[in-house]
Amino acid sequence: MFRKYKGELGLSLTAFIWGSGFIGVSIALSGGLTPLQILTIRFFIGAVLIGVIFFKEIKNNITKEAIISGSIIGLFLFIAFAFQTFGMAYTTASKNAFLTAINVVIVPFIGFILYKRPLDKYGIISSIIAILGIGILSLEADFSINLGDFLTIICAFGFAFHIFFTGEFVKKYNPVVLTVVQFSVATVLSLVVQILFNEVRINAEMSSIIGVLYLGIFSTTIAFLLQTICQKDVSETKSAIILALESVFGTILSVIILHEVLTVRMVIGCLIIFSAIIISETKLSFLKRNNLKQEKTESIK
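Given the structure is predicted, the values throughout are model-derived calculations rather than measurements.

(A) Local environment of the layout of surface pockets. A volume near 1,300 Å³ is recorded for the largest pocket. Around the largest pocket sit 44 residues that line it, and Phe 22, Gln 84, Asn 96, Ala 97 and Glu 246 are the ones nearest its centre. No other element matches helix 1 (residues 6-30), which puts six residues into the lining of the largest pocket. In this structure, the second largest pocket encloses a volume near 260 Å³. Together, 17 residues line the second largest pocket, and Pro 108, Pro 118, Asp 120, Ser 235 and Thr 237 are the ones closest to its centre. Broken down by secondary-structure element, the contributors of at least two residues to the lining of the second largest pocket are helix 6 (103-115), helix 7 (121-138) and helix 11 (236-243). When residues in the lining of the second largest pocket are grouped by element, the largest group, four residues, is from helix 6. Taken together, the residues of the lining of the second largest pocket sort by class into seven nonpolar, five polar and five charged.

Structure follows, in structure tokens:
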């Protein structure tokens, strides 16, 4: 059972860690670090840790093609986080979270457009249901689109391409090499933007340092390494749907740790997202089996 679903379980753990990352970001921001400083530090920590721990494996498996591929997903990783950060300055956190999550619908269409791959109807249905659940979970009454929303939509495309190309490249190249290269590229790009915005000087409290260390070690190093490894066994569309659990775990952990109020809307949103994952995973095969059993029973009668 574990071997059969190890990819799905690993991606679910990734979503859980990412969900907990909302708390890490909140702590890091409240302690004085800017969003761009957080991005640079977390990706730098990730690049160093992966580079040190897996030095021999990287040395034995690194190739020019793997570096190019890792740089591509690193570029999309930076685009996603950067535009999400910029978007946060002009829109609400709830709309930012929701619009980021529309990557779950974009992913299957990337394969269709770039590689002419047929669209899986269950994948599309599951994606739409997941977006509905995330919308109930995240959105307030105001559905208007502003500059922040537009920037966040660009972020969603960044995450969609990151998920898609991670799934493509991990089938060809060593996942550890891809991970360290993408972190290195994201670190350099984040640092460049940080310098351009004149945010080089760091003035942070200890709580902020603890928050960014958590983001660097868990939400970046462990989570993205897990994602890269596990996507080898799971399709891009299904990966995007499972990773949408990030919003569910983020909500649950916010209620438990930050003592936010649990509402009926939160419960409904979480249940809808879970149903989307079940549809994607099973393709409603259990209903087909029940129909076959019923037909056999009726034929015997």
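Moving on, there is more to tell.
(B) The arrangement of the pattern of salt bridges in detail. Applying the stated rule across the entire model yields four salt bridges. The salt bridge partner of Lys 238 is Glu 8, with a shortest N-O separation of 3.9 Å. Of this pair, Lys 238 sits in helix 11 while Glu 8 sits in helix 1, and the two are 230 residues apart along the sequence. Residues Lys 238 and Glu 8 agree in their burial class; the two are buried. Among the ionic contacts, a cluster of salt bridges with common partners joins Arg 117, Glu 168, Lys 171 and Glu 236.

(C) Molecular detail of the packing of helix 6 against helix 11. Two elements in contact, helix 6 and helix 11, have axes separated by 8 Å at closest approach and are oriented at 175°. Taken as axis vectors, helix 6 and helix 11 run roughly antiparallel relative to one another. Judged by residue contacts, Asn 103, Val 104, Val 107 and Pro 108 of helix 6 engage Glu 236, Thr 237, Ala 240 and Ile 241 from helix 11. Tallied by class, residues from the contact of helix 6 with helix 11 come to five nonpolar, two polar and one charged.

(D) Fine view of the environment of Ile 136. Mapped onto the elements of the fold, Ile 136 is located in helix 7. A C-alpha to C-alpha distance of 7.5 Å links Ile 136 and Ile 268, two positions 132 residues apart in sequence. Ignoring sequence-local partners within four residues, the contact set of Ile 136 consists of Arg 265, Ile 268, Gly 269 and Ile 272.

What counts and what doesn't
- Residues numbered from 1 in each chain as written.
- Predicted model: local features only at pLDDT ≥ 70, side-chain atom pairs only at ≥ 80, totals over all residues.
- Heavy atoms only, no water.
- 1 Å grid on protein atoms, 1.4 Å probe; cavity = no way out; pocket = protein on both sides within 12 Å on 5 of 7 lines; lining within 4 Å.
- Points joined across faces, edges and corners; volume = space filled by probe spheres on them.
- Helix = DSSP H or I, 4+ residues; strand = E, 2+ residues; numbered from the N terminus.
- Nonpolar A, V, L, I, M, F, W, Y, C, P; charged D, E, K, R; others polar.
- Salt bridge = Lys/Arg side-chain N within 4 Å of Asp/Glu carboxyl O.
- Buried < 20%, exposed > 50% of the residue type's maximum accessible area, 1.4 Å probe, protein only.
- Axes fitted to C-alpha atoms, helices over the stretch in contact; angles between N-to-C directions.
- Parallel < 35°, antiparallel > 145°, perpendicular 65-115°, else oblique.
- Contact = heavy atoms within 4.5 Å.

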